[in-house]
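# Examining the three-dimensional arrangement
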Amino acid sequence: MKDIILVRAKKESDWVSCKSIVSNLEAAYLNAADVKISATIYFDSGLDEYDLHSLAQKLVQQEASELVFIDHKPHPGRLIAKLHQISPKYSPQLTFHIFGDFVLESAAWLELNPILQNYPVRFICASDKQKNLLDSFLNDTQVTTVIPFPVQKDIFYFDHKERSQVRQQLGLTDNDFLFLYTGRASLQKNVLELTRAMMNCASLLGNNLYFYFAGPFDDLCIPYKGFENPPGVYFQRWMKLSKSLDLQRIRYINNLEANELRRMCNAADCFISLSTHNDEDFGMSPAEALMCGLQTILSDWGGYGGFKKIMPEHTQLIPVSHQTMRILPDLALLQKKILMTFGNILTNEQREQLSRKATESLSVESVSKMLAKLSKTKSLSLFKGFNQDFTKLGLVFKSTPKAPFVAGKGDYSDYYFKIYQPYFQETVL
Amino acid sequence: MNDLTWLTEQSKDEIYTFNDVIHRASSYDSVINFQGYIYQHSRYFFSPLNQIYLYLIDDIASLAFFNKVFVRDGLLTLKLFFLRHPYPNGLQTKLIINSRFKKFVPRPWQENILFYNYKFDGQIKEKKKTLLIAYHLDSLHCPDEVLDKALNSISNESYDEILCLVTGMPKTSTIDFVNKNIFSKATITAKNIKIPFRTVALNEINPRVIANSNFLEINPYHFLFSDCFLRWFLLYNGATPINDEWLLNDNDAKKIHEAMVSPFHSVEISEPKKFPLMHDQMFDEMDFFKSEIVPSRNQSVNLCSDTYKRYVQSLVHSHAKNNQ
């Protein structure tokens, strides 16, 4: 049995999804059968050299056979470099759960490349498309594997009583159809585009269509092109759009806690997200919605495509493409999908069944089983390193970190499309 | 009904020129120092009302681009603006100022003035887990007795934790680090409070924690700043205020527009029905510019100097006395 040390930051991530991912991953490892977790150690940014040295020394003394990095920040480079410096002969397997910021951190990974080649290394991606992206940078793709980020089934589940209760509170009748988006409200999540599509559909379909969205407003613009927005912009854009809306039917319902999110998911009839965010490696919001037995309409971008494999009959994907300086889903097709889905209210039994199926693939317990199975695979050989394409990517980020993928007139560079080609690829079952 | 598009919408010209104007802000050292001094409060956030600090403007002609500007200044720099520019000289722009400053508007400027008040849409005093306390360590802006009174008022409250956002040091030393002097001050003042208490920087607080927090802003006189980034950021992320001093209901003005500035609060803009009687002498202070405090109108005032701050404060007090 392998002796594993988990490494994570003590300070929780500012990204809400990453915060739950890290604690859920930790729980999944602790629950995994035949996996011995000897310790969880905390590695935070801002450690001085003395603390870093002490931490690395502690790791060497424990002599675990595997170190598993379950957090996305800080980048593990400093700790691994120090570990190698003080004990070059100690070479445990290094396992990294890869988050959406892998490309963003490419300069740090490139710097670590020569040191990593002294260790057996495994990268665990949360989706097939992210694995494809990562594989395009590796000399040996045998070291990547896909295990989804886990979701807590005791928080996200279907409950028909709760559904009736919340719908009653919201004043929804049995004929009303509620579309729901949860997550950050930001430019790359295309929330305003989604709202406009809902507005158009509502004018065609009459009074029974509802669309609610929940989550914090986020002014992140397109940092890969160097586009920044001052705080408050996206909210003001929503305010401007909201003047033309029937706010009884299309509503912002604030930033909700996990239990409130579940209640909303239970009340809703379809989860919808058009995100084309450059770091959309998985999709915690759709995963949570699926655990509540919701059918989904999703952009076929990044990790979202993977949900089609879990729920082929109840996940509809909208292809994305490059349009007018943005990466956007096919909005005409989206409206068709909304019109087709409207009215298709699943029965409680169908919802239960969907929820069960999602739980089998996405819950902490399911991920524990996947991790246990993975731990029994044969030992890895030393890491063969990142390839030449990755060297270029790392150097691009090193030289122009504030706008690595900008081309003339503010559009995306051709290099962006090359790097993110796996994210654009249509999901095929 | 009057067409209020000029107020409610940001014209294309305004959007285009606004960035230019705010980026061509005054380059006087004293202005830059003052900007650093109140940095955590004066940080820019977007609003279609063209929000600006007047002390950053060297030439009022640059305001002419805009139908309206939302004035974020506190009394200190608003007063300076009126002293530097006693007359609008044909400027058509409406200055939207905090209605609590109505008694400090010189007569020639009254036609150019609209007022704003804040309105909180949630439930004030709704109890949450954490308390955030925001105050600026400046004895004129936030006198010790006011701070002590505020801290005493919460000494019997039950919170899991109190996080103290203390500002008042040059920005380079407070963006990422807690100044030890501030920390010891905060620790001393917190002695009466049994709740765990620590000093943090804004970027150290997870937005989720903010959403689960009440906040207490100690800004009794709006002296150094009025419209405040810190307050906006906390409200924008869902914190609930426990004091309502910053919410002022002005019955002497006619409400003409309400603009949401976060999902939870808005500003009400109103037209003044009347201005309080002015003690005109107060604005006939050309001698002010001959004094040692301000060598000439074209040179900048050391806004951080206690001398200038005390000067404005004395004007405020004498004015208040004359209007009693």
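### Observations concerning the overall build of chain A
A tally of helices and strands in chain A yields 17 helices and 14 strands. For chain A, whose C-alpha radius of gyration is 22 Å, the value lies close to the compact-globule estimate of 22 Å for 429 residues. Here the C-alpha coordinates of chain A stretch approximately 70 × 50 × 40 Å along the principal axes. Within chain A, the proportion of its 429 residues that are buried is 59%. Working note: accessible area of chain A is about 17600 Å², and carbon and sulfur atoms make up 51% of it. Positive and negative side-chain charges in chain A, numbering 47 and 46 respectively, have mean positions lying 2 Å apart.

### Some thoughts on the sheet that holds strand S10 (residues 270-273) of chain A
Sheet strands line up and pair through hydrogen bonds in the backbone, either parallel or antiparallel. Residues and elements named next belong to chain A. With parallel pairing, 6 strands are arranged side by side in an open sheet as S9-S8-S7-S10-S11-S12. With partners counted over all chains shown, the strands left at the sheet margins are strand S9 (250-252) and strand S12 (315-318), one partner each. Each adjacent strand pair in this sheet contributes to an overall mean axis angle of 20°, direction not counted. In this sheet, strand S11 (residues 295-299) lies alongside S10 in parallel orientation, the contact comprising 4 bridges. When the sheet's bridge partners are listed, Ser273 is paired in S11 with Leu298. Packed onto the sheet, helix H10 (residues 284-291) meets strand S7 (177-182), S10, S11 and S12 and runs at close to 170° relative to S10.

### Some words on the domain arrangement of chain A
Residues and elements named next belong to chain A. Along its sequence, chain A is organised into domain 1 (2-150 + 366-416) and domain 2 (160-362). Taking only C-alpha atoms into account, the centre of domain 1 sits 30 Å from that of domain 2. In this assembly, 33 residues from domain 1 lie in contact with 27 residues from domain 2. Across the interface of domain 1 and domain 2, roughly 2300 Å² is buried in total on both sides, 58% from carbon and sulfur atoms. In this structure, the connection of domain 1 to domain 2 is made through 2 salt bridges. Between domain 1 and domain 2 we count 10 residue pairs in polar contact (both at pLDDT 80 or more) in total.

### Remarks on the environment of Ile310 of chain A
Residues and elements named next belong to chain A. Structurally, the position occupied by Ile310 is in helix H11 (residues 306-310). On the accessibility criterion, Ile310 (16% relative accessible area) is buried. Each C-alpha atom, one on Ile310 and one on Asp154, is 20 Å from the other, the two residues being 156 residues apart in sequence. Once residues lying within four places of it in the same chain are set aside, the contact partners of Ile310 are Lys357, Ala358, Ser361 and Leu362.

### Details of the side chain of His257 of chain B
Residue and element names in this part refer to chain B. Within the secondary structure layout, His257 lies in strand S10 (residues 253-260). Since its relative accessible area comes to 15%, His257 is described here as buried. Those residues in contact with His257, other than ones at most four positions away along the chain, are Leu7, Thr8, Val267, Glu268 and Ile269.

### Here's the deal with the nonpolar core
Residues and elements named next belong to chain A. Membership of the largest hydrophobic core comes to 160 residues, with the highest contact counts inside it found for Phe123 and Tyr420. The element best represented in this core is helix H7 (residues 191-205), accounting for 7 residues. Looking at which domains feed residues into this core, each of domain 1 (2-150 + 366-416) and domain 2 (160-362) supplies at least three. Residues in contact with Phe123, not counting those within four places in the same chain, are Phe96, Ile98, Trp109, Leu134, Leu138, Val143, Thr144, Thr145, Phe383 and Phe386. In this structure, Phe99, Leu178, Met284 and Phe307 belong to the second largest nonpolar core, which totals 55 residues.

### Digging into the side chain of His136 of chain B
Residues and elements named next belong to chain B. Positionally, His136 belongs in strand S5 (residues 130-136). Separated by 3.5 Å, the side chains of His136 and His41 make a polar contact. Those residues in contact with His136, other than ones at most four positions away along the chain, are Tyr37, Ile38, His41, His141, Cys142, Thr167, Gly168, Leu224 and Phe225.

### A look at the interface of chain B and chain A
Contact residues are listed per partner, giving 19 residues for chain B and 22 residues for chain A. When chain B packs against chain A, the two sides together hide about 1700 Å² of surface, and 53% of this comes from carbon and sulfur. Contact with chain A buries area across many residues of chain B, yet Phe46, Arg208 and Tyr236 of chain B alone supply 37% of it, more than any other trio. In this structure, the connection of chain B to chain A is made through 2 salt bridges. Counting only elements with at least two residues in the side of chain B that touches chain A, the list comes to helix H9 (207-211) and helix H10 (229-236) of chain B.

### Side note on empty space enclosed by the protein
All names here are of chain A. Enumeration according to the criterion identifies 8 cavities of 30 Å³ or more in this entry. Looking at the largest cavity, its volume works out to about 180 Å³. Considering the residues around the largest cavity, the lining is formed by 20 residues, among which Asp71, His72, Lys73, Pro74 and Pro76 are closest to the centre. Of all elements in the fold, only strand S1 (3-8) and strand S4 (93-97) reach the threshold of two or more residues within the lining of the largest cavity. Its residues placed into classes, the lining of the largest cavity shows 12 nonpolar, 3 polar and 5 charged. In this structure, the second largest cavity spans a volume of roughly 80 Å³. Taken together, Lys2, Ile4, Tyr29, Glu66, Gln93, Thr95, Arg122, Ile124, Leu371, Leu374 and Ser375 make up the lining of the second largest cavity. For the lining of the second largest cavity, the secondary-structure elements that each account for two or more residues are S4, strand S5 (121-125) and helix H14 (364-375).

### Let's talk about the packing of helix H2 (residues 49-62) of chain A against helix H3 (residues 77-86) of chain A
All names here are of chain A. At their nearest, the axes of H2 and H3 sit 9 Å apart, and the two run at 65° to each other. One element, H2, and the other, H3, form an angle in the roughly perpendicular class. The interaxial crossing formed by H2 with H3 has right-handed handedness. Here Glu49, Leu52, His53, Leu55, Ala56, Gln57, Leu59 and Val60 of H2 lie close against H3, whose contacting residues are Arg78, Leu79, Lys82, Leu83 and Ile86. Residue composition of the contact of H2 with H3, by class: 8 nonpolar, 2 polar and 3 charged.

The rules behind these values
Residues numbered from 1 in each chain as written. Chains lettered and ligands numbered in written order. Predicted model: local features only at pLDDT ≥ 70, side-chain atom pairs only at ≥ 80, totals over all residues. Heavy atoms only, no water. Helix = DSSP H or I, 4+ residues; strand = E, 2+ residues; numbered from the N terminus. Rg over C-alpha atoms; globule rule 2.2 N^0.38 Å. Buried < 20%, exposed > 50% of the residue type's maximum accessible area, 1.4 Å probe, protein only. Areas by Shrake-Rupley, 256 points an atom, 1.4 Å probe, with all protein chains shown as cover. Lys, Arg positive; Asp, Glu negative; His and termini not counted. Charge placed at Lys NZ, Arg CZ, Asp CG, Glu CD. Pairing = 2+ DSSP bridges. Axes fitted to C-alpha atoms, helices over the stretch in contact; angles between N-to-C directions. Contact = heavy atoms within 4.5 Å. Domains from an automatic or database assignment. Buried area = accessible area lost by both parts, 1.4 Å probe. Salt bridge = Lys/Arg side-chain N within 4 Å of Asp/Glu carboxyl O. Polar contact = N/O pair within 3.5 Å; in protein donor to acceptor, adjacent residues only side chain to side chain. Core = buried A, V, L, I, M, F, W, Y, C linked by side-chain atoms within 4.5 Å. 1 Å grid on protein atoms, 1.4 Å probe; cavity = no way out; pocket = protein on both sides within 12 Å on 5 of 7 lines; lining within 4 Å. Points joined across faces, edges and corners; volume = space filled by probe spheres on them. Nonpolar A, V, L, I, M, F, W, Y, C, P; charged D, E, K, R; others polar. Parallel < 35°, antiparallel > 145°, perpendicular 65-115°, else oblique. Left-handed = near helix turned anticlockwise from the far one by under 90°.

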